[in-house]
Structures are given as C-alpha cells and as structure tokens.
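Analysis of the macromolecular model
Residue strings, one per chain:
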Amino acid sequence: MARRTLLIGLTVFSLAASSAACGREGGGSSGGQPKAGEKAKVCLVMKSLANDFFQQMRDGAVAHANKRGDLELDAVGTQNETDIDGQVAAVEKCVTQRVSAIVIAPADSRALIAPLKRASDAGVKVVNIDVKLDDDALKGAGLQVPFVGPDNREGARQSGVELAKKLGRGGKVVMLEGNPGAANAEQRAQGFKDAVTQGGLTLLDSKTAHWETDEAHTITGNMLTAHPDVQGLLAANDAMALGALKAIQDAHKTGKVKIAAFDNIPAIQPSLKDGSVVATVDQYGSTQAAVGIDYAMRMIKGERITGWQKTQVKLITAAGQS
C-alpha cells in the first residue's frame, strides 16, 4: 500500500537578517516568489521524524529560521525512512502552497528527481541536503541543484577504523547498510569497506536494514546465528545500531560484539559510555538544514548557487576524541 502519511508540519515566523550576494541569476518572478514586503516561504522536507537525527535537524532548522526572522518555514517528515511516496506528496504539497523554495533530504537519490524538476519548473528554488541527489539523474532532467552535506564515505571510514583498532587485524565483522538507492547509504558502506581493508578486518556479511531499528534487530539476530564468531558490527546509522544492540543483548553477547555507527544521536550516548559502541560520527544535521535554508534564501534573491558545500563530520568516541 502506498504510504503518503506526513507526520509533522511546522510553520515558523520571525524577524531580521539577510545574506550577502554572489553571482546573479536571470531575473523574472514566478508563482513561488514572495511579493514585496512578504516573507519567503520555505519547505524543509526530511525523512522519518521517528529518527532522532531528523528531529534534531527539524529543531535546528526551526531555531535558525527564528533567528533569521525573514522567512516562514514549513518542516515536514515522513512516516518511515523508506516512505518515498510520502516525500513526493510533501514536495507536491509545497508546490501547491506556492512556496519560494524547497530544502530536501531525499529518501532516494533518484526517485525524487521528477517531482523536484516539476517544482523547479514551477519557479520553486531547490536545495539538496544530507543525501546527495544522483548526478546522472539530475543531468538527465536538466536540473542543477546545490548540495549541502558531509563526506559520508570519510566519516564511515573513521568510525570503522576505530572499530578495527579495538578488534585488531583479522577481527570478524558484519555490516548493516542503509536504504538502497540513497547515495549516503552507498557512501557509508564504501567507507566501512575502506576501514575493513585498512584495518585488516574480515567482513562476514552485509545486509540492508533500511535505516530502521526494528529491522536491524531482526537482521542482526539472524547474522549472530549464522556467524556465532562475529566480533564487531558496522552500522550505517545509530538507529540501526540501537536495534543491533538489542539483538546482541538477546543473544547474550553483550560486550562480546562491538559496534561502530554513524549520526551521534542522543539515544546512542549510553552505549558509547559503556563501550558497547566504540564510535559514531556527528554529521551536524542542524547545520546542514541551516546552511540549506541560507542557500535557499540567497537563491530566492537571485543568486545562482551550484556544487557541493561540504559540511563537517566528527568522530565521536567514549573519550570524546575526534
């Protein structure tokens, strides 16, 4: 059944501040552009708000919009991490509401291209954050969209190397991948594989759990049964790491299987402190949203912005080292 449920819509009003100008685009107003004296309307379209990472992104975006004071922000999330239909519906609703810009963290790097192209054709500025839209699909659609986000491959490599240090060469590990079709899932998987090679680990198995905690719990349980000698697990996000931790506990292997993860959400902190999770990576979702909003506002004012604005990644361990 198609899932088109949107969990949250927030509208934020505030007052003051603008950005400096760069190169200008060709002029001309469109249906989505604010009239003189009106605040620009910006939609922030995220993935599942059941995930702490996107809750933090939403909260940071709201705070940033309040600080700027020159826009109305509608922040929406989907029912779950794979709800592509929900994101398509959100984009279409934003266009119907005649917003000036859409800032999106897509659930899929290709499936959102067509609705975003329609939004662009309607005069809506589009900024991509968090999960990179596919370059070939963008080119095929004749769409140029700036990207604001981290180097996921490098962040995952750093997290995986920390696990390799704990296990030593020859350590046996499994991997939980993110959603197939999402660029960040592919990049993190590659970064973990880089760490496996660099650290001399043995990768026994790798499966997707679609970023979801419950699915990760089930898949990890199966992996522990199939590979009773596993010593470590590479989780492409903290939500899946939480499911893996529960499966490890269920299998009476607490402390025997170490985890490297990604996102640095609040719920992972106790496991970092007790050593069950040896590392995670902070990718500063709030910053991504804030920069995305700033880019959108500059584009609304006529600037042409393209390319990748790389945002910070930081390795987080129990010792707080980076």
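Every value quoted in this text rests on a predicted model; they were computed, and no experiment measured them.

**Quick word on the overall build of the protein chain**
Across its full length, the protein chain holds 10 helices and 13 strands. Within the protein chain, the fraction of its 322 residues that count as buried is 54%. Within the protein chain, residue pairs in contact and separated by at least 24 positions form 79% of the contacts whose partners lie at least 6 positions apart.

**Observations regarding the pattern of salt bridges**
Taken as a whole and judged by the stated rule, the model has 16 salt bridges. Asp194 is paired through a salt bridge with Arg153; the nearest N and O atoms lie 2.7 Å apart. Placement of Asp194 in helix H6 (residues 183-199) and of Arg153 in helix H5 (residues 152-167) is noted, with a sequence separation of 41 residues between them. Owing to a relative accessible area of 39%, Arg153 belongs among the partly exposed residues under this scheme. One continuous salt-bridge network, built from bridges that share partners, spans Arg68, Asp70 and Asp294.

**Here we look at the pairing of strand S2 (residues 40-48)**
Within S2, eight of the nine residues are buried, which leaves it mostly tucked inside the rest of the structure. Relative to strand S3 (residues 71-78), S2 is paired through seven bridges, and the arrangement is parallel. Its bridge partner lying in S3, Lys41 is registered against Glu72. Remark: the S2/helix H1 (residues 52-68)/S3 crossover connection has right-handed handedness.

Rules used in this analysis
Residues numbered from 1 in each chain as written. Predicted model: local features only at pLDDT ≥ 70, side-chain atom pairs only at ≥ 80, totals over all residues. Heavy atoms only, no water. Helix = DSSP H or I, 4+ residues; strand = E, 2+ residues; numbered from the N terminus. Buried < 20%, exposed > 50% of the residue type's maximum accessible area, 1.4 Å probe, protein only. Contact = heavy atoms within 4.5 Å. Salt bridge = Lys/Arg side-chain N within 4 Å of Asp/Glu carboxyl O. Pairing = 2+ DSSP bridges. Right-handed = clockwise from strand over helix to strand, strands pointing away.

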